[in-house]
Amino acid sequence: VVSSVVVVLIVLLLMAGVRKAAISAIAIVMIMLTAMGLMQCWGIAIEQMSLAALIIALGILVDNTIQVCSNTQGFLDRGVPRDEAAVAGPNQILFSTLIASGTILAAFLPMTVALKGSMREYIYSIPMVVSLCIGAGWVYAYTMTVIMAWIGLRPAQPKKQKSQPAD
């Protein structure tokens, strides 16, 4: 799990920049800890299958956080004040991220009731852990990530144009 988190963070650092990677790193840790706490509430032990589910969910759970940061950054880059960008950015994509997360939940949650017998015993933790991570990730993206984006993101500096020589 740790090596998977490190790989995701390195990719984020290279592709999204330091600020978004830092916000995403905090989100990953907090969502994973929240999911592990919720696993205890549902009686799911941390074992091989639940760890595999955490790794499966890792790539998906950070998606909402990245989208909230990117959309907020887009508003900041267009000159919208930080307070307004922190509200308008997430609000613009709220429904689409809710549908995307809901689709993933709709794919995994039926497995929790469809599985029977020893198969349920063996595989039950996968759909539950993935669902807990996705749900926690969406809630975290629209609460704490909004606050962290408001604090941590800055408008991009305009690139200086090279002066053209006079003819």
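This text goes with the structure placed above it.
All residue numbers refer to positions counted from 1 along the written sequence of the respective chain. Only residues with pLDDT of at least 70 get local features here, since the model is predicted, and only at 80 or more are side-chain atom pairs given and counted; chain-wide, interface and lining totals rely on the full set of residues. Hydrogens and water molecules were not included; the side-chain quantities draw on all heavy atoms of the structure.

Undergrad: When you look at the overall build of the protein in this model, what are you seeing that I'm missing?
TA: In this description a helix means any DSSP run of H or I spanning at least four residues, a strand means any run of E spanning at least two, and both kinds are numbered starting from the N terminus. Scanning the protein from N- to C-terminus turns up 8 helices and 0 strands. The N-to-C order of helical and strand elements in the protein reads α-α-α-α-α-α-α-α. The cut-offs for exposure are 20% and 50% of the maximum accessible area for each residue type, with area from a 1.4 Å probe on protein chains only; residues under the lower value are buried, those over the upper are exposed, and the others partly exposed. Each of the 167 residues in the protein was classed as buried or not, and the buried ones make up 38%. Within the protein, residue pairs in contact and separated by at least 24 positions form 73% of the contacts whose partners lie at least 6 positions apart. Here the Shrake-Rupley method, with its probe set to 1.4 Å, supplies the accessible areas, and only the displayed protein chains count as covering residues. As displayed, the protein has an accessible area near 9700 Å², and 69% of this comes from carbon and sulfur atoms. Positive charges come from Lys and Arg, negative ones from Asp and Glu, while His and the chain ends are left out of the count. For charged residues, the charge sits on one atom: NZ in Lys, CZ in Arg, CG in Asp, CD in Glu. Between the averaged position of the 10 positive side-chain charges in the protein and that of its 7 negative side-chain charges there is a distance of 5 Å. Should any heavy atoms of two residues lie within 4.5 Å, those residues are counted as being in contact.

Undergrad: What should I look at first to understand the packing of aromatic side chains in this one?
TA: We describe a pair of aromatic rings using the distance from one ring centre to the other and the angle between the two ring planes. Pairing of aromatic side chains here covers Phe, Tyr and the six-membered ring of Trp, requires ring centres within 6.5 Å, and sorts the geometry by plane angle: under 30 degrees stacked, over 60 edge-to-face, intermediate tilted. Enumeration according to the criterion identifies 1 aromatic pair in this entry. Look at Trp-138 and Tyr-142: their rings are 4.9 Å apart centre to centre, the planes differ by 35°, and that puts the pair in the tilted class. Between Arg-78 and the ring centre of Phe-75, over which it is positioned, the NZ or CZ distance is 4.5 Å. Stacked on the ring of Trp-150, the Lys or Arg Arg-82 has its end atom at 5.3 Å from the ring centre. A ring has a charge above it when a Lys NZ or an Arg CZ is no more than 6 Å from the ring centre and no more than 35 degrees off the ring normal.

Undergrad: For this particular structure, what's the right way to read a nonpolar patch on the surface?
TA: The patch calculation keeps residues exceeding 30% relative accessible area without a salt bridge and links them within 9 Å when they carry like charges or within 5 Å when they are nonpolar (Val, Leu, Ile, Met, Phe, Trp, Tyr). For salt bridges, the criterion is a side-chain nitrogen of Lys or Arg within 4 Å of an Asp or Glu carboxyl oxygen. A contiguous nonpolar patch, built from Val-2, Val-6, Val-7, Ile-10, Val-11, Leu-14 and Met-15 and spanning about 740 Å² of accessible area, is present on the exposed surface. The residue Val-6 is located in helix α1 (residues 2-16) in this model.

Undergrad: Is there a simple way to think about helix α2 (residues 18-41) in this case?
TA: Residues separated by three or four positions in an α-helix point in the same direction, a consequence of the helix having 3.6 residues per turn. What a helix should span is 1.5 Å times the count of its residues minus one. Its 24 residues place the ends of α2 35 Å apart at the C-alpha level, agreeing with the 34 Å of an ideal helix rising 1.5 Å per residue. Every buried residue of α2 is accounted for by Lys-20, Ala-21, Ile-23, Ser-24, Ala-27, Ile-28, Ile-31, Met-32, Ala-35 and Met-39. In this fold, the buried residues of α2 make contact with α1, α3 (48-77), α7 (125-141) and α8 (144-152). Gly-43 sits one or two positions beyond α2 and adopts a positive phi of about 75°.

Undergrad: Mind showing me how you'd approach the environment of Gln-40 here?
TA: Within the secondary structure, Gln-40 sits in helix α2. Counting along the chain gives 83 residues from Gln-40 to Ile-123, while the straight-line C-alpha distance between them is 17 Å.

Undergrad: Explain the nonpolar core to me, please; I cannot follow it from the model alone.
TA: Side chains of nonpolar character tend, in soluble globular proteins, to be buried together. Definition used in this section: a nonpolar core is a set of buried Ala, Val, Leu, Ile, Met, Phe, Trp, Tyr and Cys residues joined via side-chain atoms within 4.5 Å. One finds Ile-28, Leu-61, Val-129 and Cys-133 to be the most contacted residues of the largest nonpolar core, which totals 35 residues. Within the residue set of this core, elements represented by two or more residues are α1, α2, α3, α4 (82-108), α7 and α8. With 10 residues, the single largest contributor to this core is α3. If sequence neighbours within four positions are ignored, Val-129 has contacts with Met-39, Ile-44, Ser-50, Ala-53 and Leu-54. Among the nonpolar cores identified, the runner-up in size contains 6 residues, and Ile-93, Ala-141, Tyr-142 and Val-146 belong to it.

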